[in-house]
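Summary of structural features
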Amino acid sequence: VFIGGLMMADEGILLVSDESFVNSIFPLRILFGGIFCIFISNLLSHILIGAKLQKKIMFISISGAALNVALNAIMIPLYSFTGAAVTTTITEIIVMLLYLIQVKRHIGYIPTPSPFIKKIILATAAMGGVLFLLDDMNTLLQIGAAMGTFAGTLLLVASIDEIQSEYRIDVE
């Protein structure tokens, strides 16, 4: 989603609006960085929940919200919605790092991705290449081609059993 969103922010904006919203493309790309951090934070927060550290999550979340409000008060008057996008992404980076610190401090390790991540990166790179090559194509066809390329590449480099094991889904 992160790579696809970065590459297709302009098409996405124009798919749901018109040319009057082109100034929102750059802030949307910035926000995709925040979305990536939210994904990682979500995983880390589940580790903290499993360790019964919900109070740490609540403190970090409230602190992140307060930081976001304070930074928005500074950035929005100066940089409008681009400032809000930067502020949100900075806040999400800080929240993610604070969750990571808590996991390290209380659980005693830093989670690392499984070796399967290399296959995800390869499938993502193939998807990015297809999006780059099909830049002038209809947006919905680009999305379909990107999804098909990602899934097809993943199926070429990983077995169904490996995908099921990593994603914990039934693909029958």
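Scroll up to find the structure.
Residues numbered from 1 in each chain as written. Predicted model: local features only at pLDDT ≥ 70, side-chain atom pairs only at ≥ 80, totals over all residues. Heavy atoms only, no water.

**Re the overall build of the protein chain**
To keep things clear, this is the line we draw: The helix and strand labels rest on DSSP assignments: H or I over at least four residues marks a helix, E over at least two residues marks a strand, and numbering proceeds from the N terminus. Note on exposure labels: buried denotes an accessible area under 20% of the residue type's maximum, exposed denotes more than 50%, and partly exposed covers the range between, all computed with a 1.4 Å probe on protein chains only. In short, Shrake-Rupley with a 1.4 Å probe defines the accessible areas, and a residue's cover is counted only from the protein chains shown. Charge counting follows a simple rule: Lys and Arg are positive, Asp and Glu are negative, and His as well as the terminal groups are ignored. Charge coordinates come from a single atom per side chain, which is NZ of Lys, CZ of Arg, CG of Asp or CD of Glu.
In terms of regular secondary structure, the protein chain is built from 6 helices and 0 strands. Across the protein chain, helices and strands are ordered from the amino to the carboxyl terminus as α-α-α-α-α-α. Across the 172 residues that make up the protein chain, the buried fraction comes to 30%. Carbon and sulfur atoms make up 71% of the accessible area of the protein chain, which totals about 10800 Å². Averaging the coordinates of the 9 positive side-chain charges in the protein chain and doing the same for the 12 negative ones gives two points 24 Å apart.

**Description of the packing of helix α2 (residues 25–50) against helix α3 (residues 54–107)**
Keep this limit in mind: Angles here are taken between N-to-C directions and fall from 0 to 180 degrees, while the axes themselves are lines fitted to C-alpha atoms, restricted in helices to the stretch in contact. Put simply, angles under 35 degrees are roughly parallel, angles over 145 are roughly antiparallel, angles from 65 to 115 are roughly perpendicular, and the rest are oblique. Crossings are assigned a handedness: left-handed for a near helix turned anticlockwise from the far helix by less than a right angle, right-handed for a clockwise turn. Gly falls in the polar group here, along with every residue not listed as nonpolar (Ala, Val, Leu, Ile, Met, Phe, Trp, Tyr, Cys, Pro) or charged (Asp, Glu, Lys, Arg).
Where α2 meets α3, the axes come as close as 8 Å, and the angle between the chain directions of the two elements is 20°. The orientation of α2 with respect to α3, classified from their angle, is roughly parallel. The crossing of α2 and α3 is left-handed. Grouping the constituent residues of the contact of α2 with α3 by class yields 22 nonpolar, 9 polar and 1 charged.

**A word on the environment of Ile40**
Looking at where Ile40 falls in the secondary structure, it is placed in helix α2. Separated by 80 residues in the primary sequence, Ile40 and Ile120 place their C-alpha atoms 15 Å from one another.

**Quick look at the environment of Ser20**
Test applied: Throughout this description, a polar contact denotes any pair of N or O atoms lying within 3.5 Å of each other; where both atoms belong to protein, one of them has to be capable of donating a hydrogen while the other can accept it, and for residues adjacent in sequence the pair is counted only when both atoms sit in side chains.
Note that Ser20 resides in the loop between α1 (2–16) and α2. Ser20 sits in the exposed class, given a relative accessible area of 57%. Residues Ser20 and Lys119 lie 99 residues apart in sequence; the distance between their C-alpha atoms is 39 Å. One polar contact links Ser20 to Asp18, side chain to side chain, over a distance of 2.4 Å.

**Some details on the nonpolar core**
Applied cut-off: Take the buried Ala, Val, Leu, Ile, Met, Phe, Trp, Tyr and Cys residues and link them wherever side-chain atoms come within 4.5 Å; each set so joined is a nonpolar core. We call two residues in contact when some of their heavy atoms are within 4.5 Å.
Grouped together as the largest cluster of nonpolar side chains are 10 residues: Cys37, Leu44, Leu48, Leu53, Ile57, Ile60, Val95, Met96, Tyr99 and Val103. Those residues in contact with Met96, other than ones at most four positions away along the chain, are Cys37, Ile40, Ser41 and Leu44.

**Re the side chain of Glu92**
The criterion, for reference: Salt bridges are counted wherever a side-chain nitrogen of Lys or Arg sits within 4 Å of a carboxyl oxygen of Asp or Glu.
Of note, Glu92 is situated in helix α3. No salt bridge is formed by the buried Glu92; the nearest opposite charge belongs to Arg105, separated by 19 Å. Glu92 has contacts with Gly34, Cys37, Ile38 and Ser41, leaving out every residue within four places of it along the chain.

**Observations concerning the layout of surface pockets**
Our working definition: Grid points spaced at 1 Å over the protein atoms alone were grouped into cavities, where a 1.4 Å probe fits but cannot get out, and pockets, open sets with protein on both sides within 12 Å along at least five of seven lines, with lining residues defined by an atom within 4 Å of a point. Grid points are joined across faces, edges and corners, and a volume is the space filled by probe spheres set on the points.
As a volume, the largest pocket reaches approximately 1500 Å³. In terms of lining residues, the largest pocket is bounded by 41 residues, among which Phe36, Phe39, Ile117, Ile120 and Tyr167 are the most central. Those elements that provide at least two residues to the lining of the largest pocket are α1, α2, α4 (117–133), α5 (139–157) and α6 (160–167). The biggest single contributor to the lining of the largest pocket is α2, with 10 residues. Its residues placed into classes, the lining of the largest pocket shows 30 nonpolar, 9 polar and 2 charged.

**Some words on the pattern of salt bridges**
A full pass over the atoms with the stated rule returns 2 salt bridges. In this structure, the salt-bridge partner of Arg29 is Asp10, at a minimum N-O distance of 3.6 Å. Of this pair, Arg29 sits in helix α2 while Asp10 sits in helix α1, and the two are 19 residues apart along the sequence. Looking at Arg29, the relative accessible area reads 29%, which means it is partly exposed. The partner of Glu162 in a salt bridge is Lys119, with the nearest N and O atoms 2.9 Å apart. Of this pair, Glu162 sits in helix α6 while Lys119 is found in helix α4, placing the two residues 43 residues apart along the sequence.

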